[in-house]
Amino acid sequence: MRNTVRIFLALILGSVLLSCNGEGKGDEALREGEITISGLSSDKWTYFSFEKGEVVGQSEFLSDEEDALWAERLDWDIAICGDYIKTNGGDSGKGMGGILRDRTSNFLTLEEAPADGYLVDEVRMVKK
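A short tour of the structure in this document, coming up. This one's a predicted model, so the numbers in the text were calculated from it and none came from an experiment.

1. As for the overall build of the protein chain
A count of helices and strands for the protein chain gives two helices and six strands. Looking at the protein chain as a whole, 38% of its 128 residues are labelled buried. Long-range contacts, defined as pairs at least 24 residues apart, comprise 48% of the intrachain contacts of the protein chain with a sequence gap of at least 6. Looking at the protein chain as shown, the accessible area adds up to about 8200 Å², and 49% of this sits on carbon and sulfur atoms.

Okay, here's the thing in structure tokens:
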């Protein structure tokens, strides 16, 4: 399992512009280039804040207690655990985060995030 991931900011522009607190503060974090998130694991969620540009914490995968605590926080935008990704919105958090898969735009030249079409998390995992 690789423990580092690079995320191109253009691919996640919508998540940045629709920052988790819904007040547009994510605009401040826009930068050209890419970010690298280190220390990823397949048994822990790694929570990342675009506003801060850093990892803000980790929690155990499939821990109802820790998931509930993180769902109340607004200081993270995206979390990664192995092949799973969640945003601070929907079932995963009380923020306004979402994700968009757009195959029609050139994200390298995109100047404004699409207004709609974002998906929010829906918990579908079943504990074994």
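2. Concerning the side chain of T46
Checked against the element boundaries, T46 lands in strand β3 (residues 44-49). Judged by relative accessible area, T46 falls into the buried class, the value being 2%. A distance of 2.9 Å separates polar atoms of two side chains, one belonging to T46 and the other to Q58. Not counting residues up to four positions away in its chain, the partners in contact with T46 are I37, G39, L40, V55, G57, Q58, I78, A79 and I80.

3. Here we look at unusual backbone geometry
Residue L62 is not a glycine yet carries a positive backbone phi of 65°. Within the secondary structure layout, L62 lies in the loop between β4 (54-60) and α2 (64-71).

4. Some remarks on the packing of aromatic side chains
Per the stated rule, a full pass over the model turns up five aromatic pairs. Considering the side-chain rings of Y47 and W76, the 4.9 Å spacing of their centres and the 80° angle between planes classify their relative orientation as edge-to-face. Taken together, the positions of Y47 in strand β3 and W76 in the loop between α2 and β5 (78-81) put the pair 29 residues apart, joining distant regions of the chain. The buried category is assigned to W76, whose relative accessible area is 0%. Ring geometry for F48 and F50: centres 5.4 Å apart, planes at 75°, overall edge-to-face. Taken as a pair, F48 and F50 share a single burial class, namely buried.

Rules used throughout
- Residues numbered from 1 in each chain as written.
- Predicted model: local features only at pLDDT ≥ 70, side-chain atom pairs only at ≥ 80, totals over all residues.
- Heavy atoms only, no water.
- Helix = DSSP H or I, 4+ residues; strand = E, 2+ residues; numbered from the N terminus.
- Buried < 20%, exposed > 50% of the residue type's maximum accessible area, 1.4 Å probe, protein only.
- Contact = heavy atoms within 4.5 Å.
- Areas by Shrake-Rupley, 256 points an atom, 1.4 Å probe, with all protein chains shown as cover.
- Polar contact = N/O pair within 3.5 Å; in protein donor to acceptor, adjacent residues only side chain to side chain.
- Phe/Tyr/Trp six-rings, centres within 6.5 Å; stacked < 30°, edge-to-face > 60°.

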